[in-house]
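# Survey of secondary and tertiary structure
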Amino acid sequence: AQSVTQLDSHVSVSEGTPVLLRCNYSSSYSPSLFWYVQHPNKGLQLLLKYTSAATLVKGINGFEAEFKKSETSFHLTKPSAHMSDAAEYFCVVSDRVDFGNEKLTFGTGTRLTIIP
Amino acid sequence: DAGITQSPRHKVTETGTPVTLRCHQTENHRYMYWYRQDPGHGLRLIHYSYGVKDTDKGEVSDGYSVSRSKTEDFLLTLESATSSQTSVYFCATLERGGSYEQYFGPGTRLTVT
């Protein structure tokens, strides 16, 4: 069984300072991991994904995440926060055990607030 | 953006009435999914489809049924709506092979009074 834990339900940072959103996962197999972003009253947009290639993954809008198997973590970072980064972020895991039976498990989300 | 639309975008209905939500895609993706989003729970899978007429249950399928008669359409039906089904519903699609990325529709906000 797969699961994902987002360690912070709410993170506040000042504009221009680094962002760290933490995610730990549990997976029986080699997982795929994703970060999605949801702006208020919008659908979900993929930020970045890890699918067993490079462990440091770069995404859109300056975000990146590092897959650390030994720590079962996939934390999301950005060097300098922008006001437009204010949103809800979801860490997602997929075991891909049964190819084609692609079921994702979502974390409960981290709401990122940017302080001007 | 993947061409995924959901209808209606907002709906208010009374307890006990049937409700059908529609997801339409123009990407010819094989896999389609219905999720519900509730505060503190993230997104939870209701049902999914791996082809025309091929569907299976997710983790919160009780009270919901689905149908997929065409590649492009995936319908979610609440046979007798309850207040616990008040939620935001998202449809998603996946293209087999490659990125394993799911593309999400804009969501439907359903309120059951």
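Residue positions are given per chain, counted from 1 along the sequence in the order it is written. Chains and ligands are labelled by the order in which they are written, letters from A for the one and numbers from 1 for the other. With the structure being a predicted model, the display of local features is reserved for residues of pLDDT at least 70 and the display and counting of side-chain atom pairs for 80 or more, all residues being used for whole-chain, interface and lining totals. Each side-chain value is derived from all of the structure's non-hydrogen atoms; neither hydrogens nor water enter the calculation.

On to the sheet that holds strand S7 (residues 64–70) of chain B, then. Residues and elements named next belong to chain B. The strand order across the open sheet built from four strands is S1-S3-S8-S7, with neighbouring strands paired in antiparallel fashion. Unpaired on one side and paired on the other, strand S1 (4–7) and S7 mark the two borders of the sheet. Taking each pair of neighbouring strands and ignoring which way they run, the sheet shows an average axis angle of 20°. Note on pairing: DSSP must find at least two bridges between two strands before they are called paired. Counting from the N terminus, the helices are the DSSP runs of H or I reaching at least four residues and the strands are the DSSP runs of E reaching at least two. Here strand S3 (residues 19–25) pairs with strand S8 (residues 73–78) via six bridges, running antiparallel. Of the residues in S8, the one forming a bridge with His 24 is Asp 73. Here the axes come from fitting lines to C-alpha atoms, over the contacting stretch only for helices, and the angles between their N-to-C directions go from 0 to 180 degrees.

Let us look at the nonpolar core. To form a nonpolar core, buried Ala, Val, Leu, Ile, Met, Phe, Trp, Tyr and Cys residues must be joined to one another through side-chain atoms within 4.5 Å. Throughout this description, buried means an accessible area under 20% of the type-specific maximum (1.4 Å probe, protein chains only), exposed means over 50%, and partly exposed covers the range between. Counting residues in each nonpolar core, the largest one holds 26 residues, and the members touching the most others are Trp 35, Leu 48, Leu 76 and Tyr 89 of chain A. If one sorts the elements of this core by residue count, strand S10 (residues 87–94) of chain A sits on top with four residues. Whether two residues touch is decided by their heavy atoms; if any such pair falls within 4.5 Å, the residues are in contact. Setting aside residues up to four positions removed in sequence, Leu 76 of chain A forms contacts with Val 19, Leu 20, Leu 21, Trp 35, Leu 47, Leu 48, Phe 63, Glu 64, Ala 65 and Tyr 89 of chain A. With 19 residues, the next largest nonpolar core counts Phe 90, Val 92 and Phe 106 of chain A together with Phe 90 of chain B among its residues.

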